[in-house]
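A structural walkthrough
Listed here are the chains, written in short residue letters.
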Amino acid sequence: MGDYFSPPAPFPGPTWTKNGRSVEGTELNSIAGPEHCGWQSAVLLHLGWPPGTVSKTIEGVRQYVRDPKDVLDGGYDKGLRRHITLPDDAADTGYRTGKLQLWLTPSDPDGAYLRVQNDVERWPRADPPVACA
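Residues numbered from 1 in each chain as written. Predicted model: local features only at pLDDT ≥ 70, side-chain atom pairs only at ≥ 80, totals over all residues. Heavy atoms only, no water.

1. With respect to the side chain of Ser-30
Tracing the sequence through the fold places Ser-30 in strand β3 (residues 28-32). Ser-30 sits in the buried class, given a relative accessible area of 3%. Here Trp-16 takes part through its side chain, which lies 3.0 Å from a polar atom of the side chain of Ser-30. Apart from residues lying up to four places away in sequence, Ser-30 is in contact with Ala-9, Gly-13, Pro-14, Trp-16, Val-43, Leu-44 and Leu-45. (Helix = DSSP H or I, 4+ residues; strand = E, 2+ residues; numbered from the N terminus. Buried < 20%, exposed > 50% of the residue type's maximum accessible area, 1.4 Å probe, protein only. Polar contact = N/O pair within 3.5 Å; in protein donor to acceptor, adjacent residues only side chain to side chain. Contact = heavy atoms within 4.5 Å.)

2. Looking at the state of the cysteines
For the structure shown, the criterion picks out one disulfide. Note that Cys-37 is cross-linked by a disulfide to Cys-132, the S-S spacing being 1.9 Å. Negative torsions about the S-S bond denote left-handed disulfides, and the value of about 100° found for Cys-37 with Cys-132 makes this one right-handed. On the criterion of sequence distance, the pair formed by Cys-37 in the loop between β3 and β4 (43-48) and Cys-132 in the segment after β10 (119-126) is long-range, its members being 95 residues apart. Residue classification places Cys-37 among the partly exposed residues on the basis of a relative accessible area of 26%. (Disulfide = S-S within 2.5 Å.)

3. Observations regarding the pattern of salt bridges
This model, assessed by the stated rule, comprises seven salt bridges. Close ionic contact of Arg-122 with Asp-108 constitutes a salt bridge, the shortest N to O distance being 2.7 Å. Of this pair, Arg-122 sits in strand β10 while Asp-108 sits in the loop between β8 (100-104) and β9 (111-116); the two residues are 14 residues apart in sequence, bridging distant segments of the chain. Here Arg-122 and Asp-108 have matching classes, each one buried. Each of Asp-110, Arg-125 and Asp-127 takes part in salt bridges that share partners, so that together they form one network. (Salt bridge = Lys/Arg side-chain N within 4 Å of Asp/Glu carboxyl O.)

See below:
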């Protein structure tokens, strides 16, 4: 799955859909970290909360991070799990970009699960969301 994000797409990122319709980036986006901070190898996923919400502020967003190189210096690489099995209570959100699917689970509210066929990754939540100036 790492190849899916190599290299991560800069803002505005790939187009996501839900149940076949395109969604606004303020509902869901996945973008490369800003290059001017040296974060371009990381992916920041922003999901309006609760899912389906078009968020107007960062307070209305949950941010999940794919940072295998720990360029954010937040230890998010330790929360990234690759090639795992979806938890039993995982639910498909209906969000897609290409073959990539977003799944969430009530037993792990601080993780987002990204799935392509049988390949699954868990991305940790950044709380509060990370940003650079």
